[in-house]
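Observations on the three-dimensional arrangement
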Amino acid sequence: MFETRLLSSDKSDIEFAAELINIGEVVGMPTETVYGLAADALNESAVKKIFEAKGRPQDNPLIVHISGLHMLDKYVCNVPNLAYKIAERFCPGPITMILPKRDIIPSITSSGLDTVGIRIPFHKTARELINACGTPLAAPSANLSGSPSPTTAAHVMNDMSGRIPAIIDGGACAVGVESTVISFENGGIRILRPGFVSVDDLRNFGVTVYCDKGITEAIGEGEKVLSPGMKYKHYSPKANVTVIVGSLENFIKYVSEHNGDNVYAMLYDSDAASYPYKYVTYGDNAEEQAAQLFGVLRKIDEIGAEQVYARCPSQDGVGLAVYNRLLRSAGFEVVNV
Ligand code: AMP
Ligand code: MG
């Protein structure tokens, strides 16, 4: 049991956090996507603590964060030329590339796979922390396994208080949904998890871009998945979430027929003026919705919602990531009205 300290992103606090990581502890770290639970990716017992703090299944591999491309070749091999092109365009930034790992990455970090996800975060504090540690940082999202990902230090404190020694407060995450995860396949790109770097961004490299089936469809029992994380229930508030596809008019009619004391709508900001029942809003465009989604999913539990009907987001750009996270928080429960 720890008394979890909230640190600033000042140099001395980053150095203190780095000392904790270098003795094998786990620290909450801000990034531009969501907050991460960071430990030395090369230290097996430290990485084990990440899985324990989150309650994360051992077969769900961790993303390894480095501070720049200069670190890449030490941890992965056989890097395709396309990966360097993507890195030049989007790194540092919200993209994770799955690449063949070198032996220096312990098996616990990659959950026994021979590949590892590598990301260079854009958030300055994250890169300063990596540099202060002098080691790559394994970091999954800093939520309890299954819960919505944290986009503020307060969210991390909520989930991790007592479980880790410290959290660095780096402000609210600018992107708000986790990185785009890609792998390389037959000269093309496969998107395993959508994020801020969009399908169109990747098509601009002139190669085939495949979207993994698990992005918009539930994974069946026992079905093989390329990204182990996709098979787990995730992003779920305590309330039951249902995604509603259709016009605002039909949405209101549907809720009126299913309304109750602890029923809330999750609306676009611009819907609110003409909506007659209880609601929360999550922004008006894909970028706003990405930034607000996880905070709103946490808020609906705070206000005691039991059933939430969410207006379906657009699937364009980062909207696909919002749609994917919302579908998963709803356990793929979708109603067309
Ligand atoms: P999180 O750490 O919560 O952001 O989740 C990381 C995501 O990346 C999960 O969905 C993992 O399954 C996926 N991932 C990490 N490493 C690999 C890998 N080597 N191969 C495929 N997917 C991976
Ligand atoms: Mg996660």
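Sequence order sets the numbering: in each chain, residues are counted from 1 along the sequence as written. Going through the entries in the order they are written, you letter the chains from A and number the ligands from 1. Only residues with pLDDT of 70 or above have their local features reported here, since the model is predicted, and side-chain atom pairs are shown and tallied only from 80 upward, although totals for entire chains, interfaces and linings are computed over all residues. Side-chain measures here rest on the full set of heavy atoms in the structure, leaving out hydrogens and waters.

By definition, any uninterrupted DSSP run of H or I lasting at least four residues is a helix, any uninterrupted run of E lasting at least two residues is a strand, and each is numbered from the N terminus. Topologically, Ile130 is positioned in helix α5 (residues 124–133). Burial classes follow relative accessibility: with a 1.4 Å probe on protein chains only, a residue under 20% of its type's maximum area counts as buried, one over 50% as exposed, and anything between as partly exposed. On the accessibility criterion, Ile130 (1% relative accessible area) is buried. For the pair Ile130 and Gly24, spaced 106 residues apart in sequence, the C-alpha separation works out to 14 Å. Excluding anything up to four places from it in sequence, Ile130 contacts His65, Ile66, Ser67, Met71, Pro121, Thr135 and Leu137. Contacts were defined at the residue level, with two residues in contact if any of their heavy atoms lie within 4.5 Å.

Next up on the list: the pattern of salt bridges. We define a salt bridge as a contact between a side-chain nitrogen of Lys or Arg and a carboxyl oxygen of Asp or Glu at a distance within 4 Å. Scanning the model with the defined rule gives 12 salt bridges in all. Across the pair Glu185 and Arg190 runs a salt bridge, and its minimum N-O distance is 2.6 Å. A relative accessible area of 21% places Glu185 in the partly exposed class. Judged by relative accessible area, which is 15%, Arg190 ranks as buried. Counted as one network, the salt bridges with shared partners bring together Glu185, Arg190 and Asp212.

Pairing of aromatic rings covers Phe, Tyr and the six-membered ring of Trp, with a centre-to-centre limit of 6.5 Å; geometry is then stacked below 30 degrees between planes, edge-to-face above 60, and tilted otherwise. Scanning the model with the defined rule gives seven aromatic pairs in all. Centre to centre, the rings of Tyr275 and Tyr279 are 6.1 Å apart; their planes meet at 85 degrees, and the pair counts as edge-to-face. Residue classification places Tyr279 among the partly exposed residues on the basis of a relative accessible area of 37%. Site record: aromatic cluster; members linked through ring pairs are Phe251, Tyr275, Tyr277 and Tyr279. Distance and angle both matter: a charge sits over a ring if NZ of Lys or CZ of Arg is within 6 Å of the ring centre and within 35 degrees of the ring normal. Across the ring face of Phe251, the terminal group of Arg311 is positioned such that the distance to the ring centre comes to 5.9 Å.

Here the focus is the site of ligand 1. Whether a residue is near a molecule or strand is decided by its heavy atoms; if any one of them lies within 4 Å of it, the residue is near. Near ligand 1 there are 16 residues, and of these Asn60, Thr115, Pro140, Arg193 and Gly229 occur at the shortest range. Nitrogen and oxygen atoms within 3.5 Å of one another constitute a polar contact, given that in protein one can donate a hydrogen and the other can accept it, and given that sequence-neighbouring residues count only through two side-chain atoms. Ser141 places a polar side-chain atom, nitrogen or oxygen, 3.2 Å from an oxygen atom of ligand 1. For ligand 1, an oxygen atom lies 2.9 Å from a polar atom in the side chain of Arg193. Accessible surface is estimated by sampling points in the Shrake-Rupley manner with a 1.4 Å probe; for residues, cover comes only from the protein chains shown. When isolated, ligand 1 has an accessible area of 500 Å², and the protein chains bury 95% of it. Where the shell around ligand 1 is concerned, the elements lending two or more residues are β6 (115–119) and β10 (188–193). Each residue gets one label: Ala, Val, Leu, Ile, Met, Phe, Trp, Tyr, Cys and Pro are nonpolar, Asp, Glu, Lys and Arg are charged, and the others, such as Gly, are polar. Counted by class, the shell around ligand 1 contains nine nonpolar, five polar and two charged residues.

Once that is clear, we can look at the side chain of Glu25. For Glu25, the location among the structural elements is in the loop between α1 (11–22) and β2 (27–29). Within polar-contact distance, the side chain of Glu25 engages the side chain of Lys49 at 3.3 Å. Contact partners of Glu25, with chain neighbours within four places excluded, come to Phe2, Leu20, Ala38, Ala39, Lys49 and Pro165.

Another aspect to go through is the sheet that holds strand β13 (residues 263–267). The sheet built from five strands is open, its strands ordered β14-β13-β15-β12-β16 with parallel pairing. The open sheet has two edge strands, β14 (279–281) and β16 (334–336), and neither has a second partner. When the angles between neighbouring strand axes are averaged without regard to direction, this sheet yields 25 degrees. Relative to β16, strand β12 (residues 240–245) is paired through three bridges, and the arrangement is parallel. Looking across to β16, one finds that Val243 is bridged to Val334. Here the axes come from fitting lines to C-alpha atoms, over the contacting stretch only for helices, and the angles between their N-to-C directions go from 0 to 180 degrees. Packing of helix α9 (residues 286–302) onto the sheet brings it into contact with β12, β13, β14 and β15 (307–311), and relative to β14 it is tilted by some 160 degrees. Pairs of strands are assigned from DSSP output, requiring at least two bridges between the strands.

A few words now on the pairing of β12. Summarising the sheet, β12 and β15 pair through five bridges and their orientation is parallel. Within the sheet, the bridge partner assigned to Thr242 lies in β15 and is Tyr309.

This paragraph deals with unusual backbone geometry. Each neighbour pair has its own omega, and for Cys91 with Pro92 the value is 0 degrees, a cis peptide bond. Looking at the secondary structure, you find Pro92 in the loop between α4 (81–90) and β5 (95–100). Phi at Asn78 is positive, roughly 50 degrees, even though this residue is not glycine. When you line up the elements, Asn78 lands in the loop between α3 (72–75) and α4. Of note in this structure, Phe332 is not a glycine but carries a positive phi near 65 degrees. On the basis of relative accessible area, Phe332 is assigned to the partly exposed category, the value being 23%.

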